[in-house]
Amino acid sequence: MEQIISKGAKQSVLAYLGTACVVLLLLMIFGLTMRAAQAGGLAIPAEIFYQLMTAHGIGMVGIAGMCGAAIMWYFLGQYVKLSTPIFLLNIGLFLIGVVLILGAIFIGGFASAWTFLYPLPAMSGGAWTSGSAVIYLSGVLLIGVGFLLFHLDTGWAILKQYGSLGKALGWPQLFGNSTADAPPPTVVASTMVLIVNVLGLVSGASILVISIVNILVPEFGIDPLLGKNMIFFFGHVFINATIYMSVIAVYEILPRYTGRPWKSSKPFLLAWTCSTLFVVIVYPHHLLMDINMPTWMAVMGQVISYLSGIPVLVVTAFGALAYVHRSGLSWGMPASLLFLAVFGWAAGVIPAIVDGTISVNLVLHNTQWVPGHFHTYLLLGVVPMAMGFMYYISNNEGSGLDRAGLWAFIVGGYGFIFTFLWAGKEGVPRRFAEHLPEWMAVDAMGAAFAALTILGVVIFAISFLSRIGKIAKA
Ligand code: HEM
Ligand SMILES: [Cu+2]
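Residues numbered from 1 in each chain as written. Chains lettered and ligands numbered in written order. Predicted model: local features only at pLDDT ≥ 70, side-chain atom pairs only at ≥ 80, totals over all residues. Heavy atoms only, no water.

Undergrad: Just checking my understanding: could you explain the coordination of the copper ion (ligand 2) for this structure?
TA: For a metal bound by four donors in a tetrahedral arrangement, the ideal donor-metal-donor angle is 109.5 degrees, while six donors in an octahedral arrangement ideally sit at 90 or 180 degrees. Protein-derived coordination of the copper ion (ligand 2) comes from His236 (ND1), His285 (NE2) and His286 (NE2), at a distance range of 2.0 to 2.1 Å. Along the chain, the residues donating to the copper ion (ligand 2) fall in the pattern H-x48-H-H. Of this pair, His236 sits in helix H8 (residues 224-246) while His286 is found in the loop between helix H10 (266-281) and helix H11 (295-308), placing the two residues 50 residues apart along the sequence. We classify His236 as buried; its relative accessible area is 5%. Given the relative accessible area of 29%, His286 is considered partly exposed. (Donors = N, O, S within 2.8 Å, 3.2 Å for Na, K, Ca; no water. Helix = DSSP H or I, 4+ residues; strand = E, 2+ residues; numbered from the N terminus. Buried < 20%, exposed > 50% of the residue type's maximum accessible area, 1.4 Å probe, protein only.)

Undergrad: Quick question: what am I supposed to make of unusual backbone geometry here?
TA: When glycine is set aside, most residues are seen to have a negative phi, and most peptide bonds are trans. Cis geometry is found at the peptide bond from Tyr118 to Pro119, where omega equals 0 degrees. Note that Pro119 resides in the loop between helix H3 (84-107) and helix H4 (130-162). Of note in the backbone geometry, Asn366 takes a positive phi value of approximately 60 degrees without being a glycine. Looking at the secondary structure, you find Asn366 in the loop between helix H14 (358-364) and helix H15 (369-393).

Undergrad: Can you help me understand the nonpolar core in this one?
TA: Buried together is how nonpolar side chains tend to be arranged in soluble globular proteins. Residues Val13, Phe116, Tyr136, Trp272, Trp345 and Phe389 are the most contacted members of the largest nonpolar core, which totals 157 residues. Top contributing element to this core by residue count: helix H2 (residues 46-76), with 19 residues. If we skip the residues at most four places from it in the chain, Trp272 touches Val188, Ala189, Met192, Tyr244, Val247, Tyr251 and Val312. (Core = buried A, V, L, I, M, F, W, Y, C linked by side-chain atoms within 4.5 Å. Contact = heavy atoms within 4.5 Å.)

Undergrad: Could you clarify how one ought to interpret the packing of H15 against helix H16 (residues 400-425) in this entry?
TA: To characterise two packed helices, one gives the angle between the axes of the helices and the distance between these axes. Running from amino to carboxyl end, H15 crosses H16 at an angle of 165 degrees, the nearest separation of the two axes being 7 Å. With respect to H16, the element H15 is oriented roughly antiparallel. You can see that H15 and H16 cross each other, and the crossing is left-handed. Here Trp369, Pro371, Gly372, His373, His375, Thr376, Leu379, Leu380, Val383, Pro384 and Tyr391 of H15 come into contact with H16, specifically with Asp402, Phe409, Gly413, Tyr414, Phe416, Ile417, Phe420, Leu421, Gly424 and Lys425. Of the residues assigned to the contact of H15 with H16, the class counts are 13 nonpolar, six polar and two charged. (Axes fitted to C-alpha atoms, helices over the stretch in contact; angles between N-to-C directions. Parallel < 35°, antiparallel > 145°, perpendicular 65-115°, else oblique. Left-handed = near helix turned anticlockwise from the far one by under 90°. Nonpolar A, V, L, I, M, F, W, Y, C, P; charged D, E, K, R; others polar.)

Undergrad: Where do I start with the coordination of the iron atom of ligand 1 in this structure?
TA: The protein atoms donating to the iron atom of ligand 1 are His56 (NE2) and His375 (NE2), with metal-donor distances spanning 2.0 Å. In this structure, the iron atom of ligand 1 is coordinated by six donor atoms arranged in octahedral fashion, with angles at the metal of 88 to 179 degrees. With His56 in helix H2 and His375 in helix H15, this residue pair connects regions lying 319 residues apart in the sequence. Judged on exposure class, the residue His56 and its partner His375 are both buried. (Tetrahedral: all angles 85-135°; square planar, octahedral: opposite > 155°, others 65-115°.)

Undergrad: Whenever I open this one, the site of ligand 1 confuses me. Can you help?
TA: Among the 24 residues in the neighbourhood of ligand 1, the closest are listed as Gln38, His56, His375, Arg430 and Arg431. Separating a nitrogen atom of ligand 1 from a side-chain N or O atom of His375 is a distance of 2.8 Å. Sorting the residues of the shell around ligand 1 by element identifies helix H1 (7-38), H2, H15, H16 and helix H17 (440-473) as the ones contributing at least two each. Counted by class, the shell around ligand 1 contains 15 nonpolar, six polar and three charged residues. (Near = heavy atom within 4 Å. Polar contact = N/O pair within 3.5 Å; in protein donor to acceptor, adjacent residues only side chain to side chain.)

Undergrad: What's the story with the packing of H2 against helix H7 (residues 185-216) in this structure? I'm lost.
TA: Contact pair H2 / H7: the axes reach a minimum separation of 10 Å and the direction vectors enclose 135 degrees. As the angle between them shows, H2 and H7 are arranged oblique. Considering only the axes of H2 and H7, their crossing is left-handed. Residues Met72, Phe75 and Leu76 of H2 touch H7, and the partners they reach there are Thr186, Val187, Ser190 and Val193. Residues that form the contact of H2 with H7 fall into these classes: five nonpolar, two polar and no charged.

Undergrad: Would you mind going over the packing of aromatic side chains with me for this structure?
TA: Aromatic ring pairs are described here by two measures, namely the spacing of the ring centres and the angle between the planes. Counted according to the given criterion, the structure contains 30 aromatic pairs. Taken together, Tyr16, Trp73, Phe87, Phe116, Phe147, Phe150, Phe234 and Phe238 form an aromatic cluster joined through their ring pairs. The ring of Trp422 carries Lys425 above its face, with NZ or CZ at 4.6 Å from the centroid. (Phe/Tyr/Trp six-rings, centres within 6.5 Å; stacked < 30°, edge-to-face > 60°. Lys NZ or Arg CZ within 6 Å of the ring centre and 35° of its normal.)

Undergrad: Whenever I open this one, the pattern of salt bridges confuses me. Can you help?
TA: A side chain with one charge may pair with a side chain of the opposite charge, provided their charged atoms come close. Under the defined criterion, the tally for this structure stands at four salt bridges. A salt bridge links Arg256 to Glu252; its shortest N-O distance comes to 3.0 Å. Placement of both Arg256 and Glu252 in helix H9 (residues 248-258) is noted, with a separation of four residues, approximately one turn of the helix. As far as the burial class goes, Arg256 and Glu252 line up, both buried. The shortest N-O distance in the salt bridge between Lys425 and Glu426 comes to 2.9 Å. (Salt bridge = Lys/Arg side-chain N within 4 Å of Asp/Glu carboxyl O.)

Undergrad: For this particular structure, what's the right way to read the environment of Gly126?
TA: With respect to the element layout, Gly126 can be found in the loop between H3 and H4. Relative accessible area serves as the criterion here: at 70%, Gly126 is assigned to the exposed category. Considered as a pair, Gly126 and Gly109 are 17 residues apart in the sequence and their alpha carbons are 9.9 Å apart.

That's the geometry; what it means functionally is another story.
Below, the structure is given as structure tokens:
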């Protein structure tokens, strides 16, 4: 099961991962700064808080996407012929987009949160100029275009190899009576991500262009609720897709340690086909409090929330347990991080489902419960998937220091998300620069746990970055 990959392709993957390490740490420090400010331990002006929040949000979403793309591209390249220039074009557009976004935020003062909710970017109340808003939106648009090209290339390659999207999802094996081997998990997952992310990115690019035109020509506008639907459809799908790309690391790497290849069984294929549909139609769970939304959409958002993440999660979690069980696997850093990631992903789905229930959403909507649940599957799911991949690609099973880093990450990470969930339960609103004195004890604990988490990631990053030159030459 050894990976055959050209030197250029490998170096491109390392460029993604190296960038991800550095940006991730910087954004985590932004996060710690916000949490320390909420705790009252650090006095920063409110406008700086919202700038940091905007940069942290958009940056983390983008970097999760880059990690997922690197993992998916690395493994999908074993089965289909992918284009290295397009892969590099994506990171090029990403870096240009990042410069525009950072400039718009920290020079231009743009701070409408990463969700750029229409028409908020145009209505700053004097906090930023319309020029800064246009630059921010253009930066996000460039990154979106990069990802769109990236997925179209994977789509083209998958179609050439498998003939149709249905075949790549294993439908002949699932619904027909084909006895041929189903496509491997990596191909199934990549096809799902291709379908949902192209839809999401087209929706996102459209609303970005509309928002830019609206700023330049204010007479041109659209219904804000339609704009919100387009943004949340894009945001929901894109961030979910980062998990569905990153989980490929679990399917590909764990079997290399257990010696049992991960096969696309019928339940596996069914789960991925269901999630392809569910991820697309569940997004109204972000709009449960918008009373003008059609009731059927809110109901669908709630009902599908119960189903959306579950099929793929169940086949992955049970699969991981089954593959690991009595396999004599040695728990080096790659296997430990990937196993931790599946657990974090599973753990994050529980508070997400709670919040996807309309009656509960009435209470928890826009409290810190929300960052509590999504940090669980991003910080404790996607991040360890990416870190596990980095240890794997650098052939590094880890030293005692790495293991200490792992424990710092686990204790810090779970402590950190627990402070968000706790605050949410107490009704503490999210996205508030200034907190009431009675909230600050939990905030301070949050900041302390965050610092511990970051310590863990610093150790992972040093371990990887110190080897990157050697792997690039190998
Ligand atoms: C040590 C690591 C991290 C710390 C300390 C941290 C801290 C924070 C804080 C304090 C907030 C604002 C909470 C509020 O609304 O009151 C936040 C929001 C957010 N974080 Fe993190 N975070 C970390 C890691 C991550 C990771 C790994 C991701 C994704 C991959 C992420 C994505 C986000 C997003 C999308 C938001 C929402 C921003 C918004 O509301 O517009 N964070 N984070
Ligand atoms: Cu969602």
